Structure formats: structure tokens, C-alpha cells
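These are the residues of each chain, in order.
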Amino acid sequence: MRVISKEDQSTAQDTYRFGEFELLPSQRRLLHQEQVLPLPPKAFDALLLLVRNAERLVRKEEFLHTLWPDTYVTEANLTNTVVVLRKIL
């Protein structure tokens, strides 16, 4: 995934644009050249966390706390979620 600069990122009406992608959190949709890309819920949440924090490093602990609050999961869950995102992006 490439770094999202402030120039590439747009939050107008809760929409984020990066490269050829558009992320619409309110609709839980990811678009690529106006085509909807299906994302599992955890992958969508992980991508949203990354996009909203594009200017800083998101630590593993923050992913685990955000994606699986009050639930113990192993790092493999996070790894699998990242693999899904990489395949889609």
C-alpha cells in the first residue's frame, strides 16, 4: 500500500481517495475506478484505520484493540486481514 499524502486524501463527505481507490466509510464500500470491491468487515475496518491515520505508523496493538476489542486473538488474525487487503489493493 502506498503512502497517502494530504494532497491525495480527501475527506469531503466522509470519503477518502488514494490512488485509484475511493473509500466510503458511511456506506462501508471500497471503490476502484467506480467499481465496488468486496471487502470482509475486518479488512474494511483495517483499511479505514490505516487511511484515517495515513500520516503516522499504526502499531500492531492498535490494530488488535480496534479490530477485536475485548477479544483475545493471535497475530495470525491480523496477518490474515492484511493479506486480504494486499490481494484486493
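Worth saying up front: this structure is predicted, and the values here are computed from it rather than measured.

1. A short note on the environment of Gln 27
Here is step 1 of the chain: Position of Gln 27 among the secondary structure elements: in the loop between strand E2 (21-24) and strand E3 (29-32).
Here is step 2 of the chain: For Gln 27, a relative accessible area of 46% corresponds to the partly exposed category.
Here is step 3 of the chain: Through-space distance from the C-alpha of Gln 27 to that of Asp 14 is 9.7 Å; in sequence the pair is 13 residues apart.

2. Structural notes on the packing of aromatic side chains
Here is step 1 of the chain: Per the counting criterion, the structure on display carries one aromatic pair.
Here is step 2 of the chain: For the ring pair Phe 18 and Phe 21, a centre distance of 5.6 Å and an interplane angle of 20 degrees mean the geometry is stacked. The burial state of Phe 18 is the same as that of Phe 21; both residues are buried.

3. Thoughts on the sheet that holds E3
Hydrogen bonding along the main chain pairs the strands of a sheet, whether they run parallel or antiparallel.
Here is step 1 of the chain: Pairing within the open sheet is antiparallel, and its four strands lie in the order E1-E2-E3-E4. Looking at which strands have only one partner, the edges of the open sheet turn out to be strand E1 (16-18) and strand E4 (35-37). Strand-to-strand twist across the sheet, computed as the mean angle between neighbouring axes with direction ignored, equals 30 degrees.
Here is step 2 of the chain: Here four bridges tie E2 to E3, and the two strands are oriented antiparallel to one another. Each bridged residue has a counterpart across the sheet, and for Leu 23 the counterpart in E3 is Leu 30.

4. Here we look at unusual backbone geometry
Here is step 1 of the chain: Its identity as a non-glycine residue notwithstanding, Arg 28 has a phi of 50 degrees, on the positive side.
Here is step 2 of the chain: Looking at the secondary structure, you find Arg 28 in the loop between E2 and E3.
Here is step 3 of the chain: Here Glu 34, not a glycine, exhibits a phi torsion of approximately 70 degrees, which is positive.
Here is step 4 of the chain: Residue placement: Glu 34 occurs in the loop between E3 and E4.

5. Some words on the pairing of E2
Here is step 1 of the chain: Examined bridge by bridge, E1 and E2 share three bridges and lie antiparallel to one another. Note on E2: the bridge partner recorded for Arg 17 is Glu 22.
Here is step 2 of the chain: With antiparallel pairing between neighbouring strands as the criterion, E1 and E2 make up a hairpin whose turn holds two residues, including Gly 19 at a positive phi of roughly 60 degrees.
Here is step 3 of the chain: As consecutive antiparallel partners, E2 and E3 are separated by four residues, and within that stretch Arg 28 has a phi angle of approximately 50 degrees, a positive value.

6. Considering the confidence of the model for the protein chain
Here is step 1 of the chain: A residue-level look at the protein chain finds 85% of positions with pLDDT of 70 or above and a mean pLDDT of 88.
Here is step 2 of the chain: Note on residues 1-12: pLDDT under 50 across the span, and 24 contacts to partners over four residues away in sequence or across chains.

What counts, and at which threshold
- Residues numbered from 1 in each chain as written.
- Predicted model: local features only at pLDDT ≥ 70, side-chain atom pairs only at ≥ 80, totals over all residues.
- Heavy atoms only, no water.
- Helix = DSSP H or I, 4+ residues; strand = E, 2+ residues; numbered from the N terminus.
- Buried < 20%, exposed > 50% of the residue type's maximum accessible area, 1.4 Å probe, protein only.
- Phe/Tyr/Trp six-rings, centres within 6.5 Å; stacked < 30°, edge-to-face > 60°.
- Pairing = 2+ DSSP bridges.
- Axes fitted to C-alpha atoms, helices over the stretch in contact; angles between N-to-C directions.
- pLDDT = per-residue confidence, 0-100.
- Contact = heavy atoms within 4.5 Å.

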